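# Secondary and tertiary structure notes
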Amino acid sequence: MTKQMSARAAAKLIPDGAIVAVNSSSGLCCPDAILKGIGARFDEEGSPRDLTTIHPIAAGDMFGTKGVDHVAKPGLLSRIIGGSYPSGPSKSDPPEVWKMITADQVRAYNVPSGIIFDMLREAAAKRPGVLTKVGMDTFVDPEIEGCAMNAPARAEPIVKRMQFEGEEWLYFKSMAPDVAIIRATTADEKGNLSFEHEGAYLGAMEMALAARNSGGVVIAQAKRIAAAGSIRPHDVHVPGILVDAIVEAPDQLQTTATEYDPAISGELTRPIESFRTVEFDIGKVIARRVAKELKDGWAVNIGFGISANVPRILVEEGLHGSVTWMIEQGAVGGVPLLDFKFGCSANAEAFVASPHQFCYFQAGGFDASLLSFLEVDKNGSVNVSRLSAIPHRTAGAGGFVDITTRAHKIVFSGNFNAGAKMTIENGALKILREGKIAKFVDEVDQISFSGKRAKTQGQDVTYVTERCVIQLTPKGLMVTEIAPGVDLQRDILDQAATPLLVAQDLKTMDAALFDPALMGLRL
């Protein structure tokens, strides 16, 4: 009997009340056609109802791939567990799922991406749950927010603290999905799946195992269907014995707003000169200073924001390859891409499954992480996951908490405050108008990274802004460098909404950072 069917027919395999795991990262690997079929069936039949959906990384985006918004309908969606959520411009209307969250129409949780993969893995092996230190003393911790995003979620906790072997841990129960929805490039007639046009595997195999071993159903979307046995065994990343249904979607995008780029899937190696360099501006100054924190031969995780430009700094300085970049979606090496394509790399050396990548991150196996900040508080804690005034402007924590929990060295980057108008003149920073919103504050809106815990663990934490560099010390936040042209009292200490310490040997930031010419970077 054929496994191929329409998206609407596949939607009929999902019963009311089902737990549905979805493999996606924004537009990357998003099984959008199947999600659309589920929403269409509900509109016509009122079923399936009361679903729980699990998204280790956001399904869909605000730029053409609706993803979870296809099923973000009252009555259809009753609970959502997401590592991240679709996000986009402040001026755009919020995604439907955000409207449901803020209106308390769905129980919504923001659980670190790696932990969600762990919950699925434990379900696949029929183990009871996950014991982890990831997220302790952050919003993940039940003593703070317990991952709850709204009142209905707070009423039904998803995590608790418990003692084990004389230590305190966070405990998350396994999540056994009734349905797993995954995506590949090619499916043969038996359901064997290959990923040759994809920029990552994410957690496709892990989700399929969790559903199959729990007596559930696996539905796969694929760009094309091939004859049985025609895919090389080494190219099969999910075997057909785990797949129940195949939905062909020839128009599926490779990733957000991208039809197909062979460099993303490792089928073509782009000349290094083809990568655009970063325009000289304030953001480039910050990225350049972040780059000075790196060492030759390091394996470095990179996140969205200003730090995503650091690989381009190394490219233009002739240092590409000195550092191996790693992103949570699974790419190792190459050049992480920007804008809509973030989460993918061109010219990657390897693709690993996201759960394996997170195992590496959670244990601090890498050398450094370059990440952004929204706010930093007096203890050095960082908020990246919640902007209460505009919730859909941020995606939630994603893998940030997994990455920072045990990272040996973290470099956070961002503007010193929000809304300032600045320029660079004659190698110096000139502030034309101060920003109105402080980013260094007494207390952050949400603790995504715990400065207190970092100090206890001896983590090396630096905050790089356009006007100064700040180090987390046992005594607190300490300004160690200031930009040329900046007045310490007027432009830094008076503009912070929390006291900052000043190093006795305060230095001036390297003048080369503020010159459009190459800076002669050496790692």
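Presented here is a report on the structure given in the accompanying data block. Small disclaimer: the values here were computed from a predicted structure and weren't measured.

## Details of the overall build of the protein
For the protein, the helix and strand inventory stands at 12 helices and 31 strands. A globule of 523 residues ought to have a C-alpha radius of gyration of about 24 Å, and the protein, at 23 Å, matches this closely. A total of 523 residues make up the protein; the buried ones form 58% of that total. Considering only intrachain contacts with a sequence separation of at least 6, the fraction spanning at least 24 residues in the protein is 76%. Surface summary for the protein: the accessible area is close to 20,200 Å², and the carbon and sulfur share equals 50%.

## A short note on the nonpolar core
Soluble, globular proteins show a tendency: their nonpolar side chains are buried together. Counting 112 residues, the largest nonpolar core has Val111, Phe172, Phe412 and Tyr463 as its most contacted members. Apart from residues no more than four positions distant in its own chain, Tyr463 is found in contact with Val376, Gly380, Val382, Phe412, Phe440, Cys468, Val469, Ile470, Leu472 and Leu477. With 32 residues, the next largest nonpolar core counts Ala72, Leu77, Val97 and Ala108 among its residues.

## Regarding helix α7 (residues 282-291)
Counting buried positions along α7 yields 9 of 10 residues, so the element is predominantly enclosed. Listed as buried for α7 are Ile282, Lys284, Val285, Ile286, Ala287, Arg288, Arg289, Val290 and Ala291. Between the side-chain oxygen at the start of α7 and the backbone nitrogen of Gly283 there is a gap of 3.2 Å, and the oxygen is on Asp281.

## A closer look at the pattern of salt bridges
Under the criterion given, the structure shown has 35 salt bridges. Lys99 is the partner of Glu96 in a salt bridge, and the nearest nitrogen-oxygen pair spans 3.1 Å. Taken together, the residues Glu96 and Lys99, both in helix α3 (residues 96-102) and 3 residues apart, mark about one turn of the helix. Residue class for Glu96 comes out partly exposed when judged on its relative accessible area of 34%.

## What to know about the sheet that holds strand β5 (residues 129-132)
An order of β5-β7-β6 is seen for the 3 strands of this open sheet, with the pairing classed as antiparallel. Among the strands making up the open sheet, the edge pair consists of β5 and β6 (159-164). Pairwise comparison of adjacent strand axes, ignoring direction, gives a mean angle of 35° for this sheet. Set on the sheet, helix α4 (residues 113-124) makes contact with β5 and β7 (167-173); between it and β5 the angle comes to about 140°.

## Some points on the environment of Val106
Along the chain, Val106 falls in the loop between α3 and β4 (107-110). In sequence terms Val106 and Lys73 are 33 residues apart; their C-alpha atoms lie 9.3 Å from each other. What Val106 contacts, discounting residues up to four positions off in sequence, is Leu77, Ser78, Arg79, Ile80, Met100, Ile101, Asn150 and Pro152.

Reading the values: the criteria
- Within any chain, residue numbers begin from 1 and follow the written order of that chain's sequence.
- Two thresholds apply to this predicted model, a pLDDT of at least 70 for residue-level local features and 80 or more for giving and counting side-chain atom pairs, whereas whole-chain, interface and lining totals are computed over all residues.
- Heavy atoms throughout the structure, all of them, feed into the side-chain values; hydrogens and water do not.
- A run of H or I in DSSP becomes a helix once it reaches four residues, and a run of E becomes a strand once it reaches two; helices and strands are each numbered from the N terminus.
- Just to be clear, the radius of gyration here is over C-alpha atoms, and the globule rule we use is 2.2 Å times residues to the power 0.38.
- Burial status follows relative accessibility: with a 1.4 Å probe on protein chains alone, a residue under 20% of its type maximum counts as buried, one over 50% as exposed, and anything between as partly exposed.
- By the convention used here, residues are in contact when the closest approach between their heavy atoms is within 4.5 Å.
- To measure how exposed things are, a 1.4 Å probe is used in the Shrake-Rupley method; for residues, cover is taken only from the protein chains shown.
- Buried residues of nine kinds, namely Ala, Val, Leu, Ile, Met, Phe, Trp, Tyr and Cys, make up a nonpolar core once their side-chain atoms join them within 4.5 Å.
- The term polar contact refers here to a pair of N or O atoms within 3.5 Å; inside protein, the definition further demands a hydrogen-donor-capable atom paired with an acceptor-capable atom, and it admits residues adjacent in sequence only when both atoms are side-chain atoms.
- We count a salt bridge whenever a side-chain nitrogen from Lys or Arg sits within 4 Å of a carboxyl oxygen from Asp or Glu.
- Note on pairing: DSSP must find at least two bridges between two strands before they are called paired.
- Structural elements are reduced to axes, namely lines fitted to C-alpha atoms, with helices fitted over the stretch in contact, and the angle between N-to-C directions of any two is expressed from 0 to 180 degrees.

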